[in-house]
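So you can see what is in the structure, the chains are spelled out below.
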Amino acid sequence: MKSFVVAPLPGSIPYENRRSIRVKARFSGMKFIDFLGEYHPPTPRDAWLGWINAGEILIDSFPVRAERIVREGDHFTHVMSDVVEPDVNSAITILHEDDSIIAVDKPAPLPIHPSGRFHRNTLSWMLERYYDGEKLRVAHRLDANTTGVAVLCRTAGAAGFVQPQFERREVKKLYLARVSGTVPWDEHRCDLSIAHASDVMKRRLSVGARVTCPSGQEARTDFKVIQRLPDDTTLVQAIPLTGRTNQIRVHCWSLGFPILGDLLYLQDKQIGEQQTHTMTDPPMCLHAHQLTFCHPESKTPVTYQSPPPKWWGDIAKSVAK
């Protein structure tokens, strides 16, 4: 293992960020401002209008009008000057590296790939600079606020072998979590389906929250209680058998035991206003502890493991091995 800290943070030095916006067939015929609302719902309409009126969104180097009718294949560029991204935790540990893959112990908060307010202050950007500009391919999703094992592929061939294993649900994942409340059961399988927040739940939609829904996507998580603590929290192991966005967080929240420190999925089935944590927020107690999949070179199972975090506690560490 080897560890390093990226300093200064690459996204904390003001820079010009040019982001592409492409129009898919289903949006053809819409007004540009209406398309933008569908393209990225979390961004307020007034923010898009402000950028449009400032001439910061272009097509063929010319500013775009809000009333322009978009067509399939249109390619717009959003030019953002003097961008400074929020601070992140850049203390990264390399758990394993070979010619095909890199397994890292991801800190938090740190997004894996560019999205929203983050572009350079992301794991993939930092690692591509650490590995001399290699084009790395993220093998799977891991929330910005979640710590633990993340895997990136170094070649297209490796990505073509590893990524489908996640899609086919062949990868074995083990998470550690500390939840609010005293969980009454010892083991439990949660199979509540998960869907995006509905259009009538505007506040939830604006922060990208997911909720359980009978008509949603199939989702299944196995939980096992490890220790009930005197502060009315519980340590649990979670094994997601499907790979929906925010699955463990949503299932814990729906069962009445939200993840401790989660700023989005709160107590009493409430939804918060904040998705990604800041450096000063308490940690979200969800950790990707172990990942097992078939290696692209040896074609045999390999397991990568990140040590339990501090909030897991010394007593329970031996159980997580």
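Structural data are supplied above this passage.
Rules behind the numbers
Residues numbered from 1 in each chain as written. Predicted model: local features only at pLDDT ≥ 70, side-chain atom pairs only at ≥ 80, totals over all residues. Heavy atoms only, no water. Phe/Tyr/Trp six-rings, centres within 6.5 Å; stacked < 30°, edge-to-face > 60°. Buried < 20%, exposed > 50% of the residue type's maximum accessible area, 1.4 Å probe, protein only. Core = buried A, V, L, I, M, F, W, Y, C linked by side-chain atoms within 4.5 Å. Contact = heavy atoms within 4.5 Å. Pairing = 2+ DSSP bridges. Helix = DSSP H or I, 4+ residues; strand = E, 2+ residues; numbered from the N terminus. Salt bridge = Lys/Arg side-chain N within 4 Å of Asp/Glu carboxyl O.

An account of the packing of aromatic side chains is needed here, citing residue identities and associated values.
Scanning the entire structure with this criterion turns up 12 aromatic pairs. Taken together, a centroid distance of 5.3 Å and an interplanar angle of 65° make the contact between phenylalanine 27 and phenylalanine 35 edge-to-face. Overall, phenylalanine 35 belongs to the buried group, its relative accessible area being 0%. Consider the rings of tryptophan 185 and phenylalanine 223, whose centres lie 6.2 Å apart with planes at 45°: the pair is tilted.

For the nonpolar core, give the residues involved together with the corresponding values.
Nonpolar side chains in soluble globular proteins tend to end up buried together. Counting 41 residues, the largest nonpolar core has Ile92, Ile94, Val104, Leu123, Leu127, Val179 and Ile259 as its most contacted members. The residues contacting leucine 123, other than those within four sequence positions of it, are Ile92, Val104, Lys106, Leu110, Pro111, Ile112, Ala150 and Leu152.

Give a description of the pairing of strand E5 (residues 75–83) that names residues and reports values.
The side chains of a regular strand alternate between both faces of the sheet. As defined by bridge partners, strand E2 (residues 15–22) adjoins E5 across seven bridges and the pair is classed as antiparallel. Each residue of the ladder has a partner; that of arginine 22, found in E5, is histidine 75. Taken together, the two bridges between strand E3 (residues 57–59) and E5 define a ladder with antiparallel strand orientation. Within E5, the position partnered with leucine 58 by the bridge is threonine 77.

How would you explain the pattern of salt bridges if you had to name every residue and give the values?
By the definition in use, this model includes 14 salt bridges. Across the pair glutamate 16 and arginine 18 runs a salt bridge whose closest N-O atoms are separated by 3.4 Å. Judged by its relative accessible area of 44%, glutamate 16 is partly exposed. The partner of aspartate 34 in a salt bridge is arginine 45, and the shortest N-O contact between them spans 3.1 Å. In this pair, aspartate 34 is assigned in helix H1 (residues 32–39) and arginine 45 in helix H2 (residues 45–53), connecting sequence segments 11 residues apart. Here arginine 45 falls in the partly exposed class, since its relative accessible area comes to 47%. Each of the salt bridges in this network shares a partner with another, and the network as a whole consists of Asp143, Arg249 and Asp262.

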